[in-house]
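# Coordinate inspection notes
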Amino acid sequence: MKVKEVSLETEKFKHILLQACQRGELSTHMTAKEMVQELARQLKQVLKRSEP
């Protein structure tokens, strides 16, 4: 992986984590388990796209 690709992937992960954090703060009805499951789903999508 090139440095630029790694940097792009890191930025995607940061964005996903920030979204999850904001969603958790705004949603009183979402459980921690649901939040982790959603985060895992999003991360899987990013990893699938970055595979050669």
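Everything below is about the structure printed above this text.
Residues numbered from 1 in each chain as written. Predicted model: local features only at pLDDT ≥ 70, side-chain atom pairs only at ≥ 80, totals over all residues. Heavy atoms only, no water.

### A few points about the overall build of the protein
When helices and strands are tallied, the protein shows 2 helices and 0 strands. Taken across its 52 residues, the protein has 13% of its residues classed as buried. Looking at the protein as shown, the accessible area adds up to about 4,600 Å², and 61% of this sits on carbon and sulfur atoms. (Helix = DSSP H or I, 4+ residues; strand = E, 2+ residues; numbered from the N terminus. Buried < 20%, exposed > 50% of the residue type's maximum accessible area, 1.4 Å probe, protein only. Areas by Shrake-Rupley, 256 points an atom, 1.4 Å probe, with all protein chains shown as cover.)

### Overview of the side chain of Q42
Among the secondary structure elements, Q42 is positioned in helix α2 (residues 32–50). When neighbours within four sequence positions are excluded, Q42 is seen to be in contact with I16, Q19 and R23. (Contact = heavy atoms within 4.5 Å.)

### Concerning the pattern of salt bridges
Counted by the stated rule, this structure contains 2 salt bridges. In this structure, the salt-bridge partner of K14 is E11, at a minimum N-O distance of 3.0 Å. Residue K14 and its partner E11 are located together in helix α1 (residues 3–26), separated by 3 residues, close to a single helical turn. Take K14: its relative accessible area is 43%, and that puts it in the partly exposed class. Among the ionic pairs, E38 bridges to R41, the shortest N-O distance being 2.6 Å. Of this pair, E38 and R41 are both found in helix α2, 3 residues apart, which corresponds to roughly one turn of the helix. For E38, a relative accessible area of 22% corresponds to the partly exposed category. (Salt bridge = Lys/Arg side-chain N within 4 Å of Asp/Glu carboxyl O.)

### Remarks on the environment of A40
Assignment of secondary structure puts A40 in helix α2. By relative accessible area, which is 32% here, A40 ends up partly exposed. Between the alpha carbons of A40 and I16 there is a distance of 9.8 Å; along the sequence they are 24 residues apart.

All quantities given are derived from atomic positions and should not be read as evidence of function.
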